[in-house]
Amino acid sequence: PLVKELLGLAALEERIRKGYGLRKVIVVPGDWDVSSDTKQELGRAGAKALLSVMEERDVVAVTGGTTLASIAEKLTMPVNAPLKDSWFVPARGGLGESLEIQANTIASGMAKRVGAGYRLLHVPDLLGEEAYHSLVNDPNTQEIVTLIRKARIVVHGIGDAMEMAHRRKLDPAMLQELRNEGALAESFGYYFDQEGKVVHKMLTLGLRLEDIISTEVVIGVAGGKSKAKAIHAVLRFGHEDILVTDEAAANEIVALL
Ligand code: G3H
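Cut-offs used in this document
Residues numbered from 1 in each chain as written. Predicted model: local features only at pLDDT ≥ 70, side-chain atom pairs only at ≥ 80, totals over all residues. Heavy atoms only, no water. Pairing = 2+ DSSP bridges. Helix = DSSP H or I, 4+ residues; strand = E, 2+ residues; numbered from the N terminus. Contact = heavy atoms within 4.5 Å. Axes fitted to C-alpha atoms, helices over the stretch in contact; angles between N-to-C directions. Buried < 20%, exposed > 50% of the residue type's maximum accessible area, 1.4 Å probe, protein only. Polar contact = N/O pair within 3.5 Å; in protein donor to acceptor, adjacent residues only side chain to side chain. Lys, Arg positive; Asp, Glu negative; His and termini not counted. Salt bridge = Lys/Arg side-chain N within 4 Å of Asp/Glu carboxyl O. Near = heavy atom within 4 Å. Areas by Shrake-Rupley, 256 points an atom, 1.4 Å probe, with all protein chains shown as cover. Nonpolar A, V, L, I, M, F, W, Y, C, P; charged D, E, K, R; others polar.

> Please clarify how the sheet that holds strand S6 (residues 159–160) should be interpreted in this entry.
Within a sheet, adjacent strands bond to each other through the backbone by hydrogen bonds, running parallel or antiparallel. As summarised here, the arrangement of the 4 strands in space is S6-S7-S8-S9, forming an open sheet in which the pairing is antiparallel. Edge positions in the sheet fall to S6 and strand S9 (198–200), since each has one partner strand and no second. As paired elements, S6 and strand S7 (residues 185–187) share 2 bridges and run antiparallel to each other. Each residue of the ladder has a partner; that of Gly159, found in S7, is Glu186. Sheet strands touched by helix H10 (residues 228–237): S6, S7, strand S8 (190–192) and S9. Its angle to S7, the strand with the most contacts, is close to 60 degrees.

The following block contains the structure:
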């Protein structure tokens, strides 16, 4: 019979780091799905990971979601590295989620907590061709989109594909299509299958896949046993640098390696 090995947190971190070729992995104790302590810890570890890579005059793009909101809550003003010349921007436009967890809200909240500046992108994420082309040519939108695409750091959440598709109120035909394509994960508006292949992308302003691929520091933050397959799929995509997760997800991830 298969006996699951019980590893300590440091051993889990090292296994995952090596297994996916990451720069750094942080595993906090517990399970995000059931523990409010773990939510706090993941937020704190995410905040620390971000501050550890920030430099002067940085541009940081952030996604929305409850995980990113928990990171924003834990960010504190760094004592000896002023961030007043740095910018926080949303990675994309709105994704039809509640205001508290939209990327714009997270970006402005984080900026205020560390004394940085922020710029917002006020466009819906699901754009028709026509709206897309007129917005792309609008000078104000162009200015902020240019700044977003210059981000040196991206901090993003990872969600289960079907859960996110429901949260974003995709229509039943679209849901079926994602299911047929084997979508397991959703992150920054893209859907990934178990090999880390992008199976669905949306016409979007803000960060495109090619921007993420060329971003210097990509930080993924996600925990909970229920997200393990989704995290694995995004790690397989192969462009993460730092992963912040929890013990429950990490134990499942090492079994998928
Ligand atoms: O794309 C993934 C979602 O933003 C994750 O959302 O942090 O609320 O689970 P969550």
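Now that the structure has been shown, the text picks up again.
> Would you explain H10 in this entry?
Turn by turn, an α-helix covers 3.6 residues, leaving residues three or four places apart pointing in a common direction. In terms of burial, H10 is largely enclosed, as 8 of its 10 residues are buried. Burial in H10 covers these residues: Ala228, Ala230, Ile231, His232, Ala233, Val234, Leu235 and Phe237. Following H10 by one or two positions, Gly238 adopts a phi angle in the positive range, close to 90 degrees.

> Is there a simple way to think about the sheet that holds strand S11 (residues 242–246) in this case?
Strand order in the open sheet made by the 7 strands is S1-S11-S10-S5-S2-S3-S4, with parallel pairing throughout. Bordering the open sheet on either side are strand S1 (24–28) and strand S4 (117–118), each of which pairs with just one other strand. In the packing of helix H11 (residues 247–256) onto the sheet, the strands contacted are S1 and S11, and the crossing angle to S11 comes to about 110 degrees.

> In this structure, what is going on with the side chain of Thr245? I would like to understand it.
On the secondary structure map, Thr245 appears in strand S11. In this structure the side chain of Thr245 is engaged in a polar contact, spanning 2.7 Å, whose partner is the backbone oxygen of Ala222. Look past the residues within four positions of Thr245 in its chain and what remains in contact with it is Ile26, Val27, Val28, Leu42, Ala222, Gly223, Ile231 and Ala250.

> What am I meant to see in the side chain of Glu240 here?
Within the secondary structure layout, Glu240 lies in the loop between H10 and S11. Despite being buried, Glu240 has no salt bridge partner; Arg23 is the closest side chain of opposite charge, sitting 11 Å away. A polar atom in the side chain of Glu240 sits 2.8 Å from the side chain of His156. Of note is the side chain of Glu240, whose polar atom sits 3.2 Å from the backbone nitrogen of Gly220. Every residue in contact with Glu240, bar those within four places of it in the chain, is listed here: Leu22, His156, Phe188, Val218, Ile219, Gly220, Val234 and Leu235.

> What am I meant to see in the site of the ligand here?
Lining the immediate surroundings of the ligand are Gly64, Gly65, Thr66, Thr67, Gly157, Ile158, Gly159, Met164, Arg167, Glu186, Ser187 and Lys227. The separation between an oxygen atom of the ligand and a polar main-chain atom of Gly64 is 3.3 Å. One of the side-chain N or O atoms of Glu186 is found 2.4 Å from an oxygen atom in the ligand. Coverage of the ligand by the protein chains reaches 96% of its 310 Å² of free accessible surface. Secondary-structure elements contributing two or more residues to the shell around the ligand are helix H3 (66–74), helix H7 (161–167) and S7. Considered class by class, the residues forming the shell around the ligand number 2 nonpolar, 7 polar and 3 charged.

> Explanation requested: the environment of Leu121 in the structure shown.
With respect to the secondary-structure elements, Leu121 resides in the loop between S4 and helix H5 (129–136). Of the residues examined, Leu121 reaches a relative accessible area of 2% and is grouped as buried. Sequence-wise, Leu121 and Ala91 are 30 residues apart; in three dimensions their C-alpha atoms are separated by 8.8 Å. For Leu121, the contacting residues outside a window of four places in its chain are Pro90, Arg92, Gly93, Asn104, Thr141, Ile144, Val145, Ile148, Leu205 and Gly206.

> Help me out: how do you make sense of the pattern of salt bridges in this one?
Opposite charge on two side chains allows them to pair when their charged atoms are near. Under the defined criterion, the tally for this structure stands at 15 salt bridges. Here Arg152 makes a salt bridge to Glu216, at a shortest N to O gap of 3.0 Å. With Arg152 in the loop between helix H6 (139–149) and strand S5 (153–157) and Glu216 in the loop between helix H9 (209–214) and strand S10 (217–221), this pair connects stretches of sequence that are 64 residues apart. Given the relative accessible area of 14%, Arg152 is considered buried. A network of salt bridges, in which partner residues are shared, links Glu55, Asp58, Arg152 and Glu216.

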